[in-house]
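Working through the structure, step by step
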Protein chains: 2
Amino acid sequence: MRDVFDHIDRNIQAYLDTLARLVRQPSIAAQGVGIEECAQLVARMLQEAGARVEVLRLPEAAPLVYGEFPGRSGKTLLVYEHYDVQPPDPLDEWASPPFEPTVRDGRLYGRGVADTKGNLVARLCAVQALRQVRGSLPVTVKFLVEGEEEIGSPNLHRYAEAYPDYFRADGCLWESGSKDHHDVPNLYLGVKGICYVELVARGANRDLHSSMATIVPNPAWRLVWALATLKDRHERVLIEGFYEDVEEPTPQEMDWLRRIAATRDDPALLRDLGIERFLLGLAGVELLKRHLYQPTCTICGLLAGYTGEGSKTVLPRVARAKIDFRLVPRQRAADVLEKLRAHLAQHGFADLEVVPMGLEDPARTPPDAEIVRVVADAAREVYGREPVIYPLMAATGPMDVVCGRFGTPAVGTGVGYPGTNVHAPNENIRIQDYMQGIKHVALILERFGGSGA
Amino acid sequence: MRDVFDHIDRNIQAYLDTLARLVRQPSIAAQGVGIEECAQLVARMLQEAGARVEVLRLPEAAPLVYGEFPGRSGKTLLVYEHYDVQPPDPLDEWASPPFEPTVRDGRLYGRGVADTKGNLVARLCAVQALRQVRGSLPVTVKFLVEGEEEIGSPNLHRYAEAYPDYFRADGCLWESGSKDHHDVPNLYLGVKGICYVELVARGANRDLHSSMATIVPNPAWRLVWALATLKDRHERVLIEGFYEDVEEPTPQEMDWLRRIAATRDDPALLRDLGIERFLLGLAGVELLKRHLYQPTCTICGLLAGYTGEGSKTVLPRVARAKIDFRLVPRQRAADVLEKLRAHLAQHGFADLEVVPMGLEDPARTPPDAEIVRVVADAAREVYGREPVIYPLMAATGPMDVVCGRFGTPAVGTGVGYPGTNVHAPNENIRIQDYMQGIKHVALILERFGGSGA
């Protein structure tokens, strides 16, 4: 691969320019800003690199950009990415404007450089490099680039049902990943699912003077009492049957967890977060096990009545809680939603409205899948470090829709590092990581193609 | 009094103009808008009517306007009023601008016309009418007009300590009151107290991605669990000792409650509020007894994490609840605050911050006080209806600071009616009620002066 890597090194400026071109195009799914324009730009960039491109469309959904590069072998590698980004707020905390990509101190700053336009372009550049140096690709590469990942991929399952052939592959590079504090590349073999709901309690038809609280029901109290039945102070979720599909890690997975735990710096994380201890006082491998293998029930938002400065004596007309359940393999989002509704009814809270706001099932890649070995071997070679493999990650993505349902094993890897500021102001990547990421993908393509079929 | 009442009838336009002049001056305590200007205007209006006026000042407090009219007898009547008003928001729901007083359909519209500039000016006009027709007043009348009532009178106790002589009187006309749905004047002999606090739970030093909820404490859950220990689903406050100073109404008070209950239209109130039943399914005299004689623990506001449209997966760094306790006679606000702190500590929530945001003690006038008889008799004569006397009202005011501590019996009466829209858009009074209110006060002054001393 010396020839390909040299080519990549010589083209660093072109690869940064390509990324800057994409970052310059805002594409904020939550606000509907620049989505169509960004889809068109991704399509053009794939086309310019030599792909057969289709911009797939469904009613009331952001376009899904599909690009296919033919390969020499019969094998297919899927690249799942998204062109949408998080909102850049708060704007005044950015040292340079979020949609004006800027290089400082060997880093490229801009919204989306890490999550995940940097990974999308790195993979595209790897394909280009191989094609330019070798004339063709060892495997067929399919790019699936969606525009709604940051709002929970609400329409991706409809695309998967309408265009199943575009999803099928022998392995998948999942959208992103990063190095850890020791510069060790971390790989991810699965994601948690999510069941995000809003609970709404309603009282009178308007906010009232709080002196009426003697005789008029208060929806804020209804909401608090209902929430208190969902989880106890020992962090145990009390919804009937919630844990019945939760599995303990296997002995092999526990081995991995011990290895991962040894790479983590819990005291540094505590200091960084400004807390004295982790939940339930956990540490080490037990902390990690809980982090990856336990589902959650999290209050993400509470809103009722007067929330401004000072005091206002108001009896609220409505109270709302946003709650997410992060789900581990074998739990199903629709099942958890049903159990939540049954729980509320059984505990006398049938009057609360349950509004589903995003359901995604968890997904997990078998650790012995070929793509896992290929990605890990390539990482070892390119980064010169033994990669750490996470059997799951604590976060969520549409891996079940893109891969799980098609039986495609997926591995997450990418160009991030711990200072990347994903979803935050001053999102950035290190240019060195970006170059290594391109080489890593090029080597994966070479090895995945060469290793059989 | 025929001569005085005729004089009042002849001067209706001048009395409306005087009120309009005061309403036109914004004076929003919560926003610090126009407070100094309005204090000056009230002082000028009192001076023009012949009072000896002082604008009292304390550091970091709105001015307290004091005006004294000498009387023939040695008796003194205190008039407690305030020149500040509620914020006019939401502005777009006003049919005419809140600070441009406008007459429509026999009503005067504008922020503060009922609460309580209308009562302030009605009382001033009554004094003027008596002085003009009779040459002097039968009693000394002291006007105490504060500028912070709508934000809980946080500095009034300091004025009472600094200027006690300005507060002492033989009876007090409390700031406001209204007719009920049957056009029967309602009088009020007491107010509830209040203990308003904000509970604050804190977690990490910033909002985190909610996938971290496996291992990082969530202040929103801490807050919910703490709140759930404060009150149970049967509306029983669980703070140790909370009810120990709560008294049952006396047999005489129960007689009053039965009489008041007979004047109320509970089904109409349910329809108006858009609810199917009152709290605990109560009705009639039991409902009224709870409304007036039971303390409350009310969540006035909840705020944590993401509260906008749609979903955001956030683990909040802070969670806040605003809570008011309405207190009945013999409960003390400082004592309830102390019991709340002890309760939280005892239940494992010492980490929650308790921020006091307004403490006022309840107050009650003995039903056999002379001023009560005088106000009721005058109401019977002016309105031609038997007034309904509320031994307490469910709302709060600084009656303990202004009257209770000085042993001054106080009666609430005023120019409102059920459609007055206090604290809401399109606040208004009926011009007829305003004229009757002026006559009512004139007759009270006459009778209170003539009835002894």
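Residue indices begin from 1 for each chain and proceed along its sequence in written order. Lettering for chains starts from A, numbering for ligands starts from 1, and both go in the order in which the items are written. At least 70 in pLDDT is required for a residue's local features to be given in this predicted model, at least 80 for side-chain atom pairs to be given and counted, and no such filter applies to totals for whole chains, interfaces and linings, which use all residues.

A look at unusual backbone geometry
Backbone geometry follows two general trends: most residues other than glycine have a negative phi, and most peptide bonds adopt the trans configuration. Between D89(B) and P90(B) the backbone carries a cis peptide bond, its omega angle lying at -5 degrees. By definition, any uninterrupted DSSP run of H or I lasting at least four residues is a helix, any uninterrupted run of E lasting at least two residues is a strand, and each is numbered from the N terminus. Inspection of the secondary structure assignment puts P90(B) in the loop between β3 (76-82) and β4 (102-104). Omega for the bond connecting D115(B) with T116(B) falls within 30 degrees of zero, at -5 degrees, which places this linkage in the cis form. As for its position among the elements, T116(B) is in the loop between β5 (107-109) and α4 (117-134). At R330(A), a residue that is not glycine, the phi angle is positive and equals roughly 85 degrees. With C-beta atoms placed from the backbone, a residue is labelled by how many other C-beta atoms lie within 10 Å of its own: buried for 20 or more, exposed for 12 or fewer, partly exposed between the two. Its 14 C-beta neighbours within 10 Å are what place R330(A) among the partly exposed residues. Positive phi is not limited to glycine here, since N426(A) has a value of about 60 degrees. Of note, N426(A) is situated in the loop between β18 (410-412) and β19 (428-430). Taking the number of C-beta atoms within 10 Å as the measure of exposure, N426(A) has 17 and is therefore partly exposed.

Here we look at the interface of chain A and chain B
Of the residues lining the interface, 58 residues belong to chain A; the matching set on chain B comes to 60 residues. Breaking the side of chain A that touches chain B down by element, the ones donating at least two residues are α6 (219-228), α9 (284-293), β11 (298-305), β12 (314-315), β13 (318-327), β14 (353-360) and β17 (393-396) of chain A. Considering each element in turn, the side of chain A that touches chain B owes the most residues, eight residues, to β11(A). Residue polarity follows a fixed list, in which Ala, Val, Leu, Ile, Met, Phe, Trp, Tyr, Cys and Pro are nonpolar, Asp, Glu, Lys and Arg are charged, and the others, Gly among them, are polar. Looking at side-chain class alone, the side of chain A that touches chain B contains 30 nonpolar, 21 polar and seven charged residues. Strands are treated as partners if at least two bridges between them are detected by DSSP. Relative to strand β11 (residues 298-305) of chain B, β11(A) is paired through five bridges, and the arrangement is antiparallel. Note that in β11(B) the partner of G305(A) across the bridge is G301(B). Note on contacts: each residue gets a C-beta atom placed from the backbone, and two residues are in contact if those atoms are within 7 Å.

Focus on the pairing of β3(B)
All names here are of chain B. Most of β3 is tucked away, with six of its seven residues classed as buried. Here β3 runs beside strand β6 (residues 140-146); their pairing, made up of seven bridges, is parallel. Across the sheet, Y80 pairs through a bridge with L144, a residue of β6. Pairing geometry for β3 and strand β7 (residues 171-174), over three bridges, is parallel. Bridge pairing in β7 places V79 opposite L173.

Quick look at the domain arrangement of chain A
Residues and elements named next belong to chain A. What the domain assignment lists for chain A is domain 1 (2-189 + 365-450) and domain 2 (192-246 + 294-360). Domain borders in the structure are assigned automatically or taken from a domain database. A C-alpha centroid distance of 36 Å is found between domain 1 and domain 2. If you look at the interface, domain 1 gives eight residues, while domain 2 gives six residues. Take the side of domain 1 that touches domain 2: its biggest share by element is three residues, from β17.

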